[in-house]
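Read off the chains here:
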Amino acid sequence: MAEGEGGAVVIEGGEISGAPSQKSPTGKPAARRPAAKTAKAEKGEKAEKAEKAEKGEKAEKGEKGEKAEKGEKAGKAGKAGKAEKAPEEEAPVSSRLAARRTRTRSAGAGKRPRRSLRPSGDEIAALREGVERTMYVTEGPERTQIAVLEDRTLVEHYVTRREGKSFVGNIYLGRVQTVLPGMEAAFVDIGKGRNAVLYAGEVQYREEDLEGQPARIETVLKPGQAVVVQVTKDPMGTKGARLTAQIGLPGRYLVYVPDAQGTVGISRRLPEAERARLRDILRKASPSKGGIIARTAAEGAGADDIEADLARQSALWEQIQKKAKKASAPAVLYSEPELVVRVIRDIFTPDFVRLTVDSESLHEMVREYIEGVSPDLLPKLERHEGPLSLFEANHITEQIHKALERKVWLPSGGSIIIERTEAMTVIDVNTGKFVGKTNLEETVLRNNLEAAEEVVRQLRLRDIGGIIVIDFIDMMMASNRETVVRRLKDCLARDKTKSQVSEITTLGLLQMTRKKVSQGLVETFTEVCPTCQGRGLIITHEV
């Protein structure tokens, strides 16, 4: 095909019928069209085309037949191959374990970039500077309470009742009652009435136990089998305790993991320089059996202190193993210390200004523990004396009462409303009395920043866990939404409980999760209404 003079399209010397006649650019008539073909020429051309079409059809049929023959042979070979390989197919491995491995590989290959959910260790250290942290411990006839304050503001509250102690951290020799492959879980009797649950992702899969079979929970656990487990979450409501077979023994500076051979880890909350210093110490102190993880409390600790802590945890694990061989399931192999000692061990670090106790017996117990593990912190221990109780003298009681309310006021006049549901906790942010000064976007941004700080404080204080949805006031600018998310993450950096935060949507909703270990503040100090059963409504009219 070619374009002829004057714009006409010519095919093999012939012009397409119906083409308009045009003049040349010089204004002269276009060249005359070629003469029509003779009848003989047309007949010869038609015969030639028919012959070509017949040859093409034969070639096409031959090619199709050859392809069909090849496809039939390949199909037979494929079926034969499948028949041969069929006996070698393996049962599918645990979907939870497979998903975990997939996420790990994807993150390592850069296919699924993960956003940083927390500030770096250096940023966390900068956030802690200039904050006065104090701890107060009071003992009552029914319960013992611990309050952590930052600049005289209550941020964490721990309470234990004499009749209801936490099981978290305890190690048991349990007996498997039921294994559910469809749920990838097993129910284990640990001697607490209600069976606890052990999921497939928390099971130790050893090569000698698998014997060449796929890593599934029903492969390594059988009904009636005794298994050493550790409680990771207390029973709540109708749910039993949560278990893990991956044991971890926390000390003052380290967590000793018996089954993690050669593992050396360091808390990400520590500054980079401190992490480098601890890394050198841990490499030298690494045990021949098991692994170790440096805790946040290890900041500033010397090599001798870390080695002594490791020796204590290694000796404890040997005692647990000896007890497990002699015990009959279900049995308690190890119990975590009292709440006071446990909290001091986990969070009382050198950045605390003081630790005040109002009970003489508690003061003596705390003094002995600190003197044994961190004698340099002993000068910070005080005994409270005075006409007012310890919590009243430091305005803690009134802050607890406010934390039990549904509505919390913000400094500028805005408010947040916290609603608990069966599936999640929903927090609504309102401007309230706050009207701002410059423009609406600036007013909303300032209110949301205050709300982000207060939300994190309430999460820590009330110990709210699970799925949390925060309904911030809508912001038009993406930069403002990023500023609010950053403020929220900075505040969460002081929270020792693990959490994950997503971005704010265009509707102003932010989704996050926070690990739930035990009952919160509201459940501790309240009871379900016997009249409305917690609905807050009474049906007064007949249907």
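Q: Outline the packing of helix 12 (residues 440-462) against helix 13 (residues 478-492), listing residues and values.
A: Each packed pair of helices is defined by two parameters, the angle between the axes and the distance between the axes. Axis separation between helix 12 and helix 13 bottoms out at 9 Å; the angle between their running directions is 20°. Classified by the angle between their axes, helix 12 and helix 13 sit roughly parallel to one another. The two elements helix 12 and helix 13 cross, and the hand of that crossing is right-handed. Along the contact surface, helix 12 presents Glu441, Leu445, Asn448, Leu449, Ala452, Glu453 and Val456, while helix 13 presents Asn480, Thr483, Val484, Arg487, Leu488, Cys491 and Leu492. Each residue belonging to the contact of helix 12 with helix 13 can be placed in one class, and the counts come to eight nonpolar, three polar and three charged.

Q: How would you explain the pairing of strand 22 (residues 466-471) if you had to name every residue and give the values?
A: Regular strands place their side chains on alternate faces of the sheet. Taken together, the five bridges between strand 21 (residues 424-430) and strand 22 define a ladder with parallel strand orientation. Residue Asp428 lies in a different strand from strand 22, and its bridge partner there is Asp471. Crossover handedness for the path strand 21 to helix 12 to strand 22: right-handed. Relative to strand 24 (residues 509-514), strand 22 is paired through six bridges, and the arrangement is antiparallel. Among the inter-strand pairings, Ile467 is bridged to a residue of strand 24, identified as Thr513.

Q: Go over the sheet that holds strand 5 (residues 143-150), please, and point to the residues and values.
A: Spatially, the five strands line up as an open sheet ordered 6-5-4-17-18, and their pairing is mixed. Both edges of this open sheet fall to strand 6 (153-161) and strand 18 (381-383), since each of them pairs with a single strand only. Taking the axes of each pair of neighbouring strands and ignoring which way they run, one obtains an average angle of 20° across the sheet. Note: strand 5 against strand 6, eight bridges, orientation antiparallel. Its bridge partner lying in strand 6, Thr144 is registered against Thr160. Along the sheet, helix 9 (residues 360-373) contacts strand 4 (133-139), strand 5, strand 17 (352-357) and strand 18; its crossing angle with strand 18, the most-contacted strand, is approximately 165°. Contacting strand 4, strand 5 and strand 6, helix 11 (residues 396-403) runs over the sheet at an angle of about 85° to strand 6.

Q: Break down the sheet that holds strand 12 (residues 249-250) for me, with residues and values.
A: With mixed pairing, the four strands of this open sheet are ordered in space as 12-13-15-14. Here the strands that pair on one side only, and so sit at the sheet edges, are strand 12 and strand 14 (264-266). In this structure, strand 13 (residues 254-257) lies alongside strand 15 (residues 291-294), joined through four bridges in antiparallel fashion. In the strand pairing of strand 15, Val257 is matched with Gly291. Here helix 6 (residues 272-285) sits on the sheet and contacts strand 13, strand 14 and strand 15; the angle it forms with strand 14, its principal contact strand, is near 155°.

Q: Describe a nonpolar patch on the surface, listing the residues and the values that go with them.
A: Residues Leu180, Met183 and Phe187 make up a contiguous nonpolar surface patch of about 260 Å² in total accessible area. Note that Met183 resides in the loop between strand 7 (171-180) and strand 8 (185-189). You can call Met183 exposed: its relative accessible area is 54%.

Q: Any details on the pairing of strand 21? Residues and values, ideally.
A: Taking every second residue as pointing to the same face, the buried face of strand 21 carries Thr425, Ile427 and Val429, while none of Met424, Val426, Asp428 and Asn430 on the other face is buried. As paired elements, strand 20 (residues 415-420) and strand 21 share six bridges and run antiparallel to each other. Within the sheet, the bridge partner assigned to Arg420 lies in strand 21 and is Thr425. Counted along the chain from strand 20 to the antiparallel partner strand 21, the turn is three residues long.

Q: Quick rundown of unusual backbone geometry? Include the residues and the values.
A: Ala329 connects to Pro330 through a cis peptide bond whose omega is -5°. By the secondary structure assignment, Pro330 is in the loop between helix 7 (303-326) and strand 16 (331-334). Although it is not a glycine, His395 adopts a positive phi angle of roughly 55°. As for its placement among the helices and strands, His395 is situated in the loop between helix 10 (390-393) and helix 11.

Conventions and cut-offs
Residues numbered from 1 in each chain as written. Predicted model: local features only at pLDDT ≥ 70, side-chain atom pairs only at ≥ 80, totals over all residues. Heavy atoms only, no water. Axes fitted to C-alpha atoms, helices over the stretch in contact; angles between N-to-C directions. Helix = DSSP H or I, 4+ residues; strand = E, 2+ residues; numbered from the N terminus. Parallel < 35°, antiparallel > 145°, perpendicular 65-115°, else oblique. Left-handed = near helix turned anticlockwise from the far one by under 90°. Contact = heavy atoms within 4.5 Å. Nonpolar A, V, L, I, M, F, W, Y, C, P; charged D, E, K, R; others polar. Pairing = 2+ DSSP bridges. Right-handed = clockwise from strand over helix to strand, strands pointing away. Patch = residues over 30% accessible without salt bridge, like charges linked within 9 Å, V, L, I, M, F, W, Y side chains within 5 Å. Areas by Shrake-Rupley, 256 points an atom, 1.4 Å probe, with all protein chains shown as cover. Salt bridge = Lys/Arg side-chain N within 4 Å of Asp/Glu carboxyl O. Buried < 20%, exposed > 50% of the residue type's maximum accessible area, 1.4 Å probe, protein only.

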